[in-house]
Structure formats: C-alpha cells, structure tokens
Amino acid sequence: MRGETIREGVLGFAAETPTLPPATHTNSYALGTREVVLVEPATPYEEERRAWVEWVRALQASGREVVAIFATHHHPDHVGGAEFFLNELGVPLWAHEQTAARLSVRVDRALEEGEVVVLDG
C-alpha cells in the first residue's frame, strides 16, 4: 500500500496530479486515529484514483472510520478526484463556503473560518 505515516494520526499519500511544474504530485492526508477526515481529493487519473481508494480501504480495514473528505481550496490539482471519491466512498464533502462556491460538486458541510473540527481519536 502506498502512503506514509507522518506522525501519529497524520498519514500522507502523494498522488500524481496536473499541477504546476516542476511539481508532479499533490499530497492528500488522512487525519485522525479512529475517526478520519481525508484532506485533498486530488487526483483525476484513474490509476492514481485506484491507489488512493486502496489506501483509504486499508485505513478502514485497520479500524479507522472515514467521516468526510475535506477540500482546502478549489484548484484542480487539489480537488480533481472529489466527485469520484465521494461516489466511491459514500462520505460527505466539507469545504469553506468560498471554496464550495467554486466547486462543481456538492459540498455537504460548509466550514467557517476558524472552526474547529473534533474527531474521535
């Protein structure tokens, strides 16, 4: 399985995306030790999407519960897989209201500036 542990409760996954050179990848994160929020549904590429879903399924198999996907902003290299991952995983999308206004996919929860999200674990 791809992905790396950054620290307890913070896992990372670098996915190939159509980002600005010289970069070639965008990092996604899984935050939480029991309940998990996935940050940056980045990749629009099929092979990378399969690897991203495999990464998430491995998190779920280890006992973690994915409660949402969070988009930090609207750039295509950060949300290029949002609709696919929402459909595949059946979880809600969270974003700031200004980001939500720029996305073509439904945002289920608009987070406010300074809002704190508390996860179990």
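Everything numeric here is computed off the predicted structure, so don't read it as measured data. (Residues numbered from 1 in each chain as written. Predicted model: local features only at pLDDT ≥ 70, side-chain atom pairs only at ≥ 80, totals over all residues. Heavy atoms only, no water.)

**Notes on the pattern of salt bridges**
No. 1: Applying the stated criterion to the full structure yields six salt bridges.
No. 2: Put simply, E46 and R50 hold a salt bridge, and the shortest N to O gap is 3.5 Å. Highlighted residues: E46 and R50, both in helix α1 (residues 46-61), separated by four residues, approximately one helical turn.
No. 3: The salt bridge partner of R106 is D108, with a shortest N-O separation of 2.6 Å. (Salt bridge = Lys/Arg side-chain N within 4 Å of Asp/Glu carboxyl O. Helix = DSSP H or I, 4+ residues; strand = E, 2+ residues; numbered from the N terminus.)

**Looking at α1**
No. 1: Taking 1.5 Å as the rise per residue, α1 with 16 residues should run 22 Å; its terminal C-alpha atoms sit 22 Å apart, in good agreement.
No. 2: For α1, the full list of buried residues reads E48, R49, A51, W52, V53, W55, V56 and L59.
No. 3: On its buried face, α1 is in contact with β2 (10-16), β3 (25-31), β4 (35-39), β5 (65-71) and α3 (82-89).
No. 4: Taken from the residues just after α1, G63 is the one with a positive phi, measuring 100°. (Expected span 1.5 Å × (residues − 1). Buried < 20%, exposed > 50% of the residue type's maximum accessible area, 1.4 Å probe, protein only. Contact = heavy atoms within 4.5 Å.)

**Some points on the packing of α1 against α3**
No. 1: At a closest axis distance of 11 Å, the pairing of α1 and α3 adopts a crossing angle of 40°. Classified by the angle between their axes, α1 and α3 sit oblique to one another. Along this stretch, α1 crosses α3, giving a crossing that reads as right-handed. For the pair α1 and α3, the contacting residues are R49, W52, V53, V56 and R57 in the first and F84, F85, E88 and L89 in the second.
No. 2: Tallied by class, the residues present in the contact of α1 with α3 amount to six nonpolar, no polar and three charged. (Axes fitted to C-alpha atoms, helices over the stretch in contact; angles between N-to-C directions. Parallel < 35°, antiparallel > 145°, perpendicular 65-115°, else oblique. Left-handed = near helix turned anticlockwise from the far one by under 90°. Nonpolar A, V, L, I, M, F, W, Y, C, P; charged D, E, K, R; others polar.)

**Quick word on the packing of aromatic side chains**
No. 1: Tallying each qualifying case throughout the model produces four aromatic pairs.
No. 2: Summarising the aromatic geometry, the rings of F84 and F85 are spaced 5.4 Å apart at their centres and angled 75° between planes, so their arrangement reads as edge-to-face.
No. 3: Members of the aromatic cluster, connected to one another through ring pairs, are F13, W52, W55, F84 and F85. (Phe/Tyr/Trp six-rings, centres within 6.5 Å; stacked < 30°, edge-to-face > 60°.)

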